[in-house]
Amino acid sequence: MTNGRKIDLALEAKEFAEGSAEKTSRLSGVKAEEDTVFGLPLTRVKILDQEGEAALGKPKGTYLTLDLEELPRDREEILRTARAVAAMLEELPGLPQEGLVLVTGLGNRRVTPDAIGPKTADALLVTRHLVKALPDQFSSLRPVAALAAGVTGSTGMESGEVIGAVVKKLKPVCLIAVDALAARRQERVCRTIQIADTGIVPGSGVGNARMALDEKSLGIPVIAVGVPTVVDAGTLCLDLLEDAGQKDFDPSIFRGEGAEWFVTPRNVDSQVDILSRVLGLGISTALHVDFSVEDVEKWTS
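A few points on the structure. These figures come from a predicted structure and were not determined experimentally.

**Things to note about the overall build of the chain**
At step 1: A count of helices and strands for the chain gives 12 helices and nine strands.
At step 2: The burial tally for the chain puts 50% of its 301 residues in the buried class.
At step 3: Pairs at least 24 apart in sequence give 73% of the contacts found in the chain among residues at least 6 apart.
At step 4: Total accessible area computed for the chain in this model is approximately 14,300 Å², and 50% of it derives from carbon and sulfur atoms.

**What to know about the pattern of salt bridges**
Where charged atoms from two side chains of opposite charge approach closely, those side chains can pair.
At step 1: Summed over all chains, the structure comprises nine salt bridges.
At step 2: Residue Glu-33 pairs with Arg-44 through a salt bridge whose shortest N-O separation is 3.2 Å. Here Glu-33, found in strand β1 (residues 30-37), pairs with Arg-44, found in strand β2 (residues 40-47); they are 11 residues apart in sequence, far enough to count as distant.
At step 3: Taking the relative accessible area as the measure of exposure, Glu-33 reaches 37% and is therefore partly exposed.
At step 4: For Arg-44, a relative accessible area of 12% puts it in the buried group.
At step 5: Between Asp-273 and Lys-119 there is a salt bridge, with the nearest N and O atoms lying 3.1 Å from each other. Taken as a pair, Asp-273 in helix α11 (residues 268-287) and Lys-119 in helix α4 (residues 116-122) lie far apart in primary sequence, 154 residues in all.

**Let's talk about helix α12 (residues 293-300)**
At step 1: Within α12, burial applies to Val-293, Val-296 and Glu-297. Considered in projection along α12, the buried side chains sweep an arc of 105 degrees and stay on one side of the axis.
At step 2: On the buried face of α12, the contacting elements are α3 (75-91) and α11.

**Re the packing of aromatic side chains**
At step 1: A complete count under the given rule lists one aromatic pair for this structure.
At step 2: Measuring from centroid to centroid gives 5.5 Å for Phe-291 and Trp-299, while their planes differ by 45 degrees, and the two rings are tilted.
At step 3: Among the residues examined, Phe-291 registers a relative accessible area of 18% and is labelled buried.
At step 4: Judged by relative accessible area, which is 43%, Trp-299 ranks as partly exposed.

**Focus: the packing of α11 against α12**
At step 1: Packing of α11 against α12 leaves a shortest axis separation of 9 Å and a crossing angle of 115 degrees. Read as a crossing pair, α11 and α12 show a hand that is right-handed. In this structure, α11 contributes Arg-277, Leu-281, Ser-284 and Thr-285 to the contact, and α12 contributes Val-293, Val-296, Glu-297 and Thr-300.
At step 2: Within the contact of α11 with α12, the residues separate by chemical class into three nonpolar, three polar and two charged.

**Some details on the nonpolar core**
At step 1: One finds Leu-89, Val-103, Ile-176, Ile-193, Ile-195, Ile-223 and Val-225 to be the most contacted residues of the largest nonpolar core, which totals 55 residues.
At step 2: Looking at this core, the element that brings in the most residues is α11, giving 10 residues.
At step 3: Excluding residues within four positions of it along the chain, Ile-193 makes contact with Leu-64, Thr-65, Leu-66, Leu-68, Thr-81, Val-85, Met-88, Val-225, Gly-226, Val-227, Val-278 and Leu-279.
At step 4: Grouped together as the second largest cluster of nonpolar side chains are 17 residues, Leu-102, Ala-149, Ile-200 and Leu-218 included.

Calculation rules
- What you see as residue numbers is a count from 1 along each chain, following the sequence as written.
- The predicted origin of the model limits local features to residues at a pLDDT of at least 70 and limits the giving and counting of side-chain atom pairs to 80 or more, whereas totals for whole chains, interfaces and linings rest on all residues.
- As a rule here, side-chain values come from all non-hydrogen atoms in the structure, and water together with hydrogens is ignored.
- Secondary structure elements follow DSSP: runs of H or I of four or more residues count as helices, runs of E of two or more count as strands, with numbering from the N terminus.
- Relative accessible area decides the class of each residue, using a 1.4 Å probe on protein chains only: under 20% of the type maximum gives buried, over 50% gives exposed, and in between gives partly exposed.
- Residue contacts follow a heavy-atom distance rule, with two residues in contact if any of their heavy atoms lie within 4.5 Å.
- What sets the accessible areas is the Shrake-Rupley method with a 1.4 Å probe; for residues, cover comes only from the shown protein chains.
- Think of a salt bridge as a Lys or Arg side-chain nitrogen and an Asp or Glu carboxyl oxygen that are within 4 Å of each other.
- Throughout, the arc means the angular range of directions from the helix axis out to the C-beta atoms.
- Any Phe, Tyr or Trp ring, taking Trp's six-membered ring, that has another such ring centre within 6.5 Å forms a pair; planes under 30 degrees apart are called stacked, those over 60 apart edge-to-face, and the others tilted.
- Axis definition: a line fit to C-alpha positions, over the contact stretch in the case of helices; interaxial angles, taken between N-to-C directions, run 0 to 180 degrees.
- By definition, any crossing whose near helix is turned counterclockwise from its far helix by less than a right angle is left-handed, and any crossing with a clockwise turn is right-handed.
- Polar here means any residue other than Ala, Val, Leu, Ile, Met, Phe, Trp, Tyr, Cys and Pro, which are nonpolar, and Asp, Glu, Lys and Arg, which are charged; Gly is therefore polar.
- Only buried residues count toward a nonpolar core. Its members are Ala, Val, Leu, Ile, Met, Phe, Trp, Tyr and Cys residues joined through side-chain atoms within 4.5 Å.

What is shown is where atoms sit, not what they do.
Next up, the structure:
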């Protein structure tokens with residue numbers, strides 16, 4: 001939360017903090033740079049210390065944000081975006097080159113804007129069972145397992161409890177957690193992919209924070225992959241008022257009874273389907289280093 005606004009994206013938190021500091025070009029404890037990957041705009045935000053954590057309200061670590069100029073729809077654009085996702089993951093030092101990786105899709109598959117995690121898990125190239133059952137034939141593959149942990153209302157268990165038990169049993173070298181996020185700006189909804197090496201708190205973007213999934217709680221590196229699928233209505237109202245020159249509103253007026261509303265595109269179902277496919281291809285390509293994105297596409301089609 002930043003001055004009454006729910007901000008999941010580190011890039012947006014940086015933009016907001018800079019704006020609050022009268023367009024300061026640098027924030028203490030924060031390093032940012034712009035780049036491109038496979039022709040798509042990429043922003044790196046590194047929170048270096050406690051000052052940076054306080055400035056952005058995010059834990060120390062690296063946040064990579066990919067901006068999609070438009071939703072990838074044809075095959076070539078989907079593959080290009082998946083290559084960019086793979087490159088972002090490969091850039092993070094917390095992703096080991098070998099060993100079992102567990103990918104968990106967080107969220108509720110019955111609620112379309114929250115289904116990107118489970119749908120990404122469905123789109124992965126999972127190989128642990130092949131490597132385990134037929135080691136002679138599949139020893140060259142990296143073992144990858146996928147888990148859609150569900151939500152507490154459906155399972156009676158915290159997703160962190162389920163994931164923690166699976167981590168304890170399988171002993172993966174890394175966890176990749178995929179979840180839906182909340183954006184500050186409506187133009188970033190389903191047009192942004194954030195990858196961070198800081199872990200994740202499921203549900204925090206919609207005010208329903210659950211058990212943290214991070215290295216401290218699980219004992220292994222946790223990489224968070226998120227796509228904003230909603231905008232918090234109060235945040236949207238505050239920004240629209242500021243854009244109109246009305247800056248004296250008390251943010252608390254949007255946090256009263258009945259204020260927990262979220263806005264999502266009317267065609268969010270098709271957008272979530274496409275982006276889940278992109279993430280599934282990209283994550284799988286990053287994990288199976290000998291495979292191209294076209295190889296992964298063949299194996300998962």
